[in-house]
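Per-entry structural report
Each chain, written out:
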Amino acid sequence: MLQGKSAVVTGSTSGIGLGIARALAKAGVNVMLNGFGDPAEIEVERTRIEREDKVMALYSPTDLRRPADIADMMKAAENAFGAVDIVVNNAGIQHVAPVEEFPVEKWEDIIAVNLSSTYHTVRAAIPGMKARGWGRVVNIASAHSLVASPFKTAYVSAKHGLAGFTKVVALEVAAFGITINCISPGYVWTPLVEKQIPDQMKTRNMNREQVIEVLLAAQPTKKFITIEQVAALTLYLCSDDAAPITGANLSIDGGFTAQ
Ligand code: NAD
């Protein structure tokens, strides 16, 4: 059903984004990978996708803190694929500190990557989607787009902003065959979670096991969500069955935000 379509997936060199890019490619979608990482490892993944999934796979090292570079990445995808039908705004970073100690540069970076980059990819993709009468934007938000946790001011602000941005654009493009939605995962076991554990240990004065227990305490299922489960929901939102779902913020959080 998605065969022959083309997608840009931000932050797809790792974690959830990589899982989504792999799932889209398996469904026959050309993919533009983006993110940081070891160029040799990324090239191995890119060529593996092309070989095994028989789609075009490109890689852009664009730093999503740079609006002009995002515009160039979107243009490059459109030129190479002929269209950008699907945009998955997945890239995200985290920093954990009390508000009065929160470093200014970390605040700026988190807002740029987790929120503003979505505005830049969306504004580039919408004209082509409107012209073709079909488009899908999936924004990977978070349970923290709905509820807060201490020490995450920038992240929670950015994710709440993403949910608001999604609703506004949904209203603007609803009549053009374009949907835009948020997916809000609870804790998914990825490098992003792994990386915040040392900071949390320091801030909360706890050992590793205690921090993991605290993370999963908020998740009634007491299980991390898998990358594949988030990728499957993304694919569903890209399907024609999901055409009436727009402006939504779908929780996939083991009951996290039901409490
Ligand atoms: P991750 O750290 O594994 O991957 C993040 C990706 O973003 C990487 O590819 C990285 O290179 C890229 N990236 C970071 N800064 C970038 C920049 N300036 N320019 C370009 N690319 C950049 O993280 P993840 O856990 O897979 O998270 C993916 C998304 O899911 C994030 O938006 C995150 O907030 C959200 N999320 C994650 C969880 C979780 O538990 N892991 C829960 C809820 C929401």
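See the structure printed just above.
What you see is a predicted model, and the numbers here were worked out from it, not measured in a lab.

Rules used throughout
Residues numbered from 1 in each chain as written. Predicted model: local features only at pLDDT ≥ 70, side-chain atom pairs only at ≥ 80, totals over all residues. Heavy atoms only, no water. Near = heavy atom within 4 Å. Polar contact = N/O pair within 3.5 Å; in protein donor to acceptor, adjacent residues only side chain to side chain. Areas by Shrake-Rupley, 256 points an atom, 1.4 Å probe, with all protein chains shown as cover. Helix = DSSP H or I, 4+ residues; strand = E, 2+ residues; numbered from the N terminus. Nonpolar A, V, L, I, M, F, W, Y, C, P; charged D, E, K, R; others polar. Salt bridge = Lys/Arg side-chain N within 4 Å of Asp/Glu carboxyl O. Pairing = 2+ DSSP bridges. Axes fitted to C-alpha atoms, helices over the stretch in contact; angles between N-to-C directions. Contact = heavy atoms within 4.5 Å.

**Things to note about the site of the ligand**
Surrounding the ligand, one finds 31 residues, the nearest of these being Ser14, Asn90, Tyr155, Val188 and Thr190. Taking Asp63, its side chain carries an N or O atom lying 3.0 Å from a nitrogen atom of the ligand. Here Thr190 contributes a side-chain N or O atom positioned 2.3 Å from an oxygen atom of the ligand. Surface burial for the ligand is 95%, taken as the share of its 830 Å² of free accessible area covered by protein chains. Looking at the shell around the ligand, the elements with two or more residues in it are helix H1 (15–26), helix H5 (153–173) and helix H6 (191–204). The leading source of residues in the shell around the ligand is H6, at four residues. Of the residues contributing to the shell around the ligand, the split by class is 15 nonpolar, 13 polar and three charged.

**Some details on the pattern of salt bridges**
Summed over all chains, the structure comprises 13 salt bridges. Note that Asp85 is salt-bridged to Arg132, the shortest N-O span being 3.4 Å. Linking Asp85 in the loop between helix H3 (67–81) and strand S4 (86–89) with Arg132 in helix H4 (residues 104–132), this pair joins segments that are 47 residues apart in sequence. Linked by salt bridges that have partners in common, Arg22, Glu45, Arg48, Arg51 and Glu52 make up one network.

**Notes on the sheet that holds strand S5 (residues 135–140)**
Judged by pairing direction, the sheet is parallel, and its seven strands sit side by side in the order S3-S2-S1-S4-S5-S6-S7 without closing on themselves. For this open sheet the edge positions go to strand S3 (57–60) and strand S7 (249–252), each flanked by a neighbour on one side alone. Ignoring which end each strand starts from, the neighbouring axes of this sheet average 20° apart. Examined bridge by bridge, S4 and S5 share four bridges and lie parallel to one another. Across the sheet, the residue bridging to Val87 is Val137, located in S5. Against the sheet, H3 makes contact with strand S1 (6–9), strand S2 (30–34), S3 and S4, and its axis sits at roughly 155° relative to S2, the strand it touches most. Sheet strands touched by H5: S5, strand S6 (178–185) and S7. Its angle to S6, the strand with the most contacts, is close to 160°.

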